[in-house]
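Listed here are the chains, written in short residue letters.
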Amino acid sequence: MTTFSVCLTGTKYGCGGGGCGACTVMISTYEPASKKIRHYSANACLLPICSLYGAAVTTVEGVGSTKTRIHPVQERLAKCHGSQCGFCTPGMVMSIYTLLRNHPEPTSEQMIAALAGKYCHFLVCRCESICCQRKANGKCCLDQEDDLFDNKEKVSTSLFSTDEFQPLDPTQELIFPPELMRMAENQPKRTLVFHGERVTWISPVSLDELLDLKIAHPKAPLVVGNTGVGPDVKFRGVFHPVLIAPARIPDLNVLKYTNDGLTLGAACSLSLVKDILTNAIAEFPEEKTRVFCAVLQQLRTLGGEQIRNVASFGGNIISRKSTSDLNPVLAASNCMLNLASRGQKRQIPMSDIFADGVGNNTITPEEVLVSIHIPYSRKGEYVAAFRQAPRRENALPITNAGMRVLFEEGTDIIKDLSIFYGGAVLTTVCAKQTCQTLTGRHWNEQMLDEACRLVLKEIALPGSTDGENVDYKKTLMVSFFYRFFLEVSQSLKTMDPCHFPGIPMEYGSVLKDFKTRMPQSIQIYQDVGPSQSPQDPVGRPVMHQSGIKHATGEAVYIDDLPPVDGELFLAAVTSSRAHAKIVSIDTSEALKGAGVFDVITVHDVPAANEFYFSDDPEIIFARNEVICVGQIVCAVVADSDVHAKQAAAKVKIEYEMLEPVILTIEEAIKHNSFFEPKRKLEQGNVEEAFETVDNIIEGEICIGGQKHFYMETQSMLAVPKGEDEEMDLYVSTQHPAIIQEMVAASLGVPANRIMCHVKRVGGAFGGKILRTGLLASVAAVAANKTSRAVRLILSREDDMVITGGRHPFIAKYKVGFMNDGRITAVDAKYYVNGGCTPDESVLVAEVSLLKIDNAYKIPNLRCWAYVCKTNLPSNTAFRGFGFPQSGLVTETWITDVADKTGLSPEKIREINMYKKNEQTHFKQKLDPQNLIRCWNECMEKSAYCSRRTAINEFNKQNYWKKRGIAIVPMKFPFGVSTPYLSQAAALVHIYTDGSVLLTHGGIEMGQGIHTKMIQVASRELNIPMSSIHFCETSTTTVPNACASIGSAGTDVNGMAVKDACQTLLKRLQPIIKKNPTGTWNDWIKEAFKQSVSLSATGYFRGYNEYMDWEKGEGHPFTYFIFGAACSEVEINCLTGDHKNLRTDIIMDIGCSINPAVDIGQIEGAFVQGIGLYTMEELKYSSEGVLYTRGPDQYKIPAVCDIPEQFSVSLLSSSQNPYAIYASKGIGEAGFFLGCSVFFALRDAVTSVRNERGLKKTFALNSPLTAEQIRANCADAFTEMAVSPWSDLYKSQQFRPL
Ligand SMILES: Cc1cc2nc3c(=O)[nH]c(=O)nc-3n(C[C@H](O)[C@H](O)[C@H](O)COP(=O)(O)OP(=O)(O)OC[C@H]3O[C@@H](n4cnc5c(N)ncnc54)[C@H](O)[C@@H]3O)c2cc1C
Ligand code: FES
């Protein structure tokens, strides 16, 4: 639907595959029989336009706008600071809006369901405020939640005032269009046929007609929700000339209760099935509804709500995907399928369609699935369903299962047993022989043991081809059976406590799954002083300047820019080889494609194709050789995005493989493949110190890479202006000046011909600098050649394949320490996977060395960093810039020392923490007072000690569930080590009506920099923020601006804005003095009359930072941000799943200019850190091809991953003399604190291992996924299933580090 150009740009395109929710719209349909209107949310990117005949579509524009009236949902999302970069905000609005249309007073479960799977780079859920409008008694929907925080902690000033909120105006709600209602009532349903350019869509209304169509078009798929067919067509090149849409056929929508169960039409949506089952469970006795409960269990987490609203029951079954969550439980429960073909109807058991192991037989091409019969459960029959996915919600399962047992009456003798698994092989698979063998056996431990062994023998898992770990799947298979065993044993006891002993008390908790609850968050900050003028906005929680525009969809991103006359679209053709010679490029077929204008190659680059920022070049187009998969070889420009992509797929490139192909750090070491220089820092005498210590440990940790996953993919529009070689570039970048420089160099024109404009960026995190410069050059070269405007918007898949990300690390360390926990010597080596070109990898490595100490004084420290040159896409800057990896290594050896000494990790941290004015390992002075304050406050606010005791108690009482807690301190040095890289400029114009136009060199990418700059200008000029406007960042207004990186944007641009404003005020002073009671407008008018210039530039020279790598000393940082975080988690030892229970963060950010924006940054960064350390996993083939190319395979944290209780406090009474208004830069620091979750998980795993007497020292790598947690909670099931796990990461080609 998103391709249907109606110029409503509020609906965003983030992934195209139903995975991100940025494109959410509300669909409304009218049912004449019941006279009811149904509203549901759906992903526009997968909705075929033809399926919407007779439906009303509401996009965010229809909800409210600044031109008319904004909707309370939009207002609350913006004013409660629920939006940062704003790209996904319209999707959030639409999900919540639809929820409220259906449920004016939603329960927290309904709210959680509506937000399930929504991404959390930015939005840490303050959405609870959104529901408050509706309750008559003034209570919030969440009031029923326990108040889990200590009351006396609620000293915070709130970040928003509910008094401001407009009440809902019911007349504002769009009504269902009466003409559609009339149409539904008056027009008899008839067959609809739509003919497109290549595809015909046929929508019959009767079963007979459908069966005829199936005869005529046996290969045509039946499309209901398009969630199966759509992704195949879009991403896997499948083409269907005819599509049959059976959703309007009554037989396929039946709901019928029979004597033995419930029959549901195949076209029923999964949401409808969920509702029906929920009602049935409430209505029927428990004994009859065990199958319903098990199916419902899977439906709760299957996809997100938008997927369930459109995806059909029959579609899920018939797709027979291995990842179907329904098929195993439906098959195990003896569900029946009602099939029909012309002249024939038959019923088959569900299990039959999987009998051949590939799910191919049984149903003929002419047959359709009409309905599904779900039986009632019987007395003595127990059914269960299980799943484990990389993320609890909106993620396809790794493995799932459906199990059913029927006992001989009144006994525990198995009469009938069914076990089905998904995720194991190509389709759902049955452990048939196992079940047969066990029939007649008692339900006891012996049976359990045999069942597990038989299952593992029977279900042979093939070697992994897609990066999935076979051992983990096998472990899950038997662990699920064990869980079933426990559940059934417990039920038997309930039935007959005298005969059946049930299960030990401490096993009980594993029978309850983790549930997502609405996170409760608290933000505490110091309010401004009483003497501050009420008009002065500095220090106040001001809403993001674009917040309302984000929520109404009016905020413009690159793809929202209106088409330029004659504009072309560009699709990149990328290398499919990691290292090869290009033998030939055949573009002939591509050039014949519909709408194709040209193919652009390296030969079209007028000047520089290679950029030398260091010895090795950054490359626009591959010339003779490709050095990674995803490198751009050439590009197609055509009249539409679709035509460009179709033609790009037709370019044939012939390669000759080159040796070596280096993907991993180990391979780079083997081939001595590094970028120079290698770096080293040393203080004290490491060798001597190792001689005198009580203990030495050596260890290694591997830290995987991370994709930026900004919501707006790499996007740019190059518009040649037709004279003097001028070109306008509209780019989603953090660094317009580098774009200008690279484009000018590639075109061979002076920089003054290239104007780069940035209004806002839909997330960047470091990924939109050099990589964007290369892509912008591709677009500019094409625009230059064709003399047309060229738009390049990377698809999510291409973005992930082409661009690099955070650097994978391997760290080897040797640590010397005393028995009392003092660490006196550390020798560490960092190997960093830089990818195929240098980018900023050496800088990243340097920063990782400079920040290696984190919060600790290590008297003798030696560290090296090596940047490996490999055949992966070039890795680049990413929030934290090396510190997230380096800090994790440090905290890992701290924990190892704790293990070895028997002291607690927090004790080791305290003992070694900087305590007094000291020098860092590069001889920079450091005052750690606020570090210690943060630590102590965090200890206290989190009630660490009492919770530690409570957790120990919990762990004693629970065998299969364990809790863990960790508290981690942080010293985050601020600076970029090079003075000229922190210079900044601003330009302020005052117009004669008194309004002010402000610009500066910083880029708005969600961090609220423009809001803060307006706050600065408002204070300096003493005028309201509403009089100041920010339009865009541009190379035409502020030249040579440094990149918005390293948390420095507000610091440096703030100084420049202040400088410009002060210059203007100085000029106005004589006028003000003469007329002190005059107004701002009086003064400005007078100034104009007196010919006083009302425009000024401001400048900040930058910080005096330097680093002498030869001497190993310097002053690379200007100041330090301190913090501490305490996190608590609970793990499920049987699956490795975990839940983030609580996090308390204390952060010293000086005097915050805008606490709402700053706390948002801390929360967002923290959650992104959770992603790096526990979830986000990149998988490659052994040829260097990325598997994880979109949100369906690459999971970033979602709402379900936010800690249930989340508190962020800003350290009070903190001053920073080095930055504007005593504030501190905060964009990155919170990221590292995400590792408190990693160490809390480690703590929980340690508790398991201690209880089971497992080896005390163990190594955990990052991300600490469920797979790793399960492997380290070794037990009889892992032993049965697993080959040695220890070398898991090292041995896996598909996770190159
Ligand atoms: C983002 C996303 C997340 C998902 N997450 C999960 C998940 O967690 N767990 C899970 O199990 N699934 C998941 N799915 C898969 C989803 O549940 C299925 O794609 C969906 O149920 C298929 O239904 P549909 O109506 O969309 O099928 P369509 O795409 O319309 O059709 C799919 C196939 O089914 C056939 N078909 C449909 N109806 C009939 C019929 N009546 N008779 C014969 N053939 C028929 C079609 O011919 C076609 O081949 C996810 C999908 C997406 C896109
Ligand atoms: S763009 Fe539709 S779900 Fe991502």
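Quick caveat, the model's predicted, so the values are computed rather than measured.

Q: Is there a simple way to think about the overall build of the protein in this case?
A: If you tally the helices and strands in the protein, you get 37 helices and 46 strands. In terms of principal-axis extent, the alpha carbons of the protein reach across some 95 × 80 × 75 Å. The buried share among the 1297 residues of the protein stands at 63%. A sequence separation of at least 24 residues applies to 78% of the contacts in the protein between residues at least 6 apart.

Q: How do you make sense of the pattern of salt bridges when you look at a structure like this?
A: If charged atoms from side chains of opposite charge come close, those side chains can pair. Evaluation of the coordinates by the stated rule reveals 64 salt bridges. The salt bridge involving Arg290 is made with Glu286; its shortest N-O contact spans 3.2 Å. Classification of Arg290 as buried rests on a relative accessible area of 13%. Given the relative accessible area of 54%, Glu286 is considered exposed.

Q: Any chance you could explain the site of ligand 1 here in plain terms?
A: Contacts to ligand 1 come from 31 residues, most closely from Val224, Thr227, Val229, Ser312 and Asp325. Interatomic distance of 3.4 Å between a backbone N/O atom of Thr323 and an oxygen atom of ligand 1. Burial of ligand 1 by the protein amounts to 89% of the accessible area it has alone, namely 980 Å². Among the secondary structure elements, those contributing two or more residues to the shell around ligand 1 are helix H12 (313–319) and strand E11 (368–375). Counting residues per element, the shell around ligand 1 draws most heavily on H12, at four residues.

Q: Got a minute to help me understand the sheet that holds strand E13 (residues 399–407) in this structure?
A: Pairing between the strands of a sheet is mediated by backbone hydrogen bonds and can be parallel or antiparallel. If you trace the four strands from one edge of the open sheet to the other, you get E12-E13-E14-E15, paired in antiparallel fashion. The open sheet has two edge strands with one neighbour each: strand E12 (381–388) and strand E15 (429–430). Relative to E13, E12 runs antiparallel, the two sharing eight bridges. Each residue of the ladder has a partner; that of Val383, found in E13, is Arg404. Here helix H10 (residues 290–301) sits on the sheet in contact with E12 and E13, set at roughly 10° to E12. Strands E12, E13 and strand E14 (414–422) of the sheet are contacted by helix H16 (residues 470–495), whose axis makes an angle of about 145° with E12.

Q: Help me out: how do you make sense of the UniProt feature "binding site: [2Fe-2S] cluster 2" (unreviewed entry) in the protein in this one?
A: As annotated in UniProt, the feature "binding site: [2Fe-2S] cluster 2" (unreviewed entry) corresponds to Cys85, Cys88 and Cys120 in the numbering used here. Looking at the element boundaries, Cys85 is found in the loop between helix H2 (72–79) and helix H3 (89–102). Taking the relative accessible area as the measure of exposure, Cys85 reaches 2% and is therefore buried. Along the polypeptide, Cys88 turns up in the loop between H2 and H3. By relative accessible area, which is 14% here, Cys88 ends up buried. Those residues within four positions of Cys88 in sequence are excluded, and the remaining contacts are Ala22 and Met711.

Definitions and limits used
- Residues numbered from 1 in each chain as written.
- Chains lettered and ligands numbered in written order.
- Predicted model: local features only at pLDDT ≥ 70, side-chain atom pairs only at ≥ 80, totals over all residues.
- Heavy atoms only, no water.
- Helix = DSSP H or I, 4+ residues; strand = E, 2+ residues; numbered from the N terminus.
- Buried < 20%, exposed > 50% of the residue type's maximum accessible area, 1.4 Å probe, protein only.
- Contact = heavy atoms within 4.5 Å.
- Salt bridge = Lys/Arg side-chain N within 4 Å of Asp/Glu carboxyl O.
- Near = heavy atom within 4 Å.
- Polar contact = N/O pair within 3.5 Å; in protein donor to acceptor, adjacent residues only side chain to side chain.
- Areas by Shrake-Rupley, 256 points an atom, 1.4 Å probe, with all protein chains shown as cover.
- Pairing = 2+ DSSP bridges.
- Axes fitted to C-alpha atoms, helices over the stretch in contact; angles between N-to-C directions.
- UniProt positions renumbered as here; feature names shortened; annotations may be inferred.

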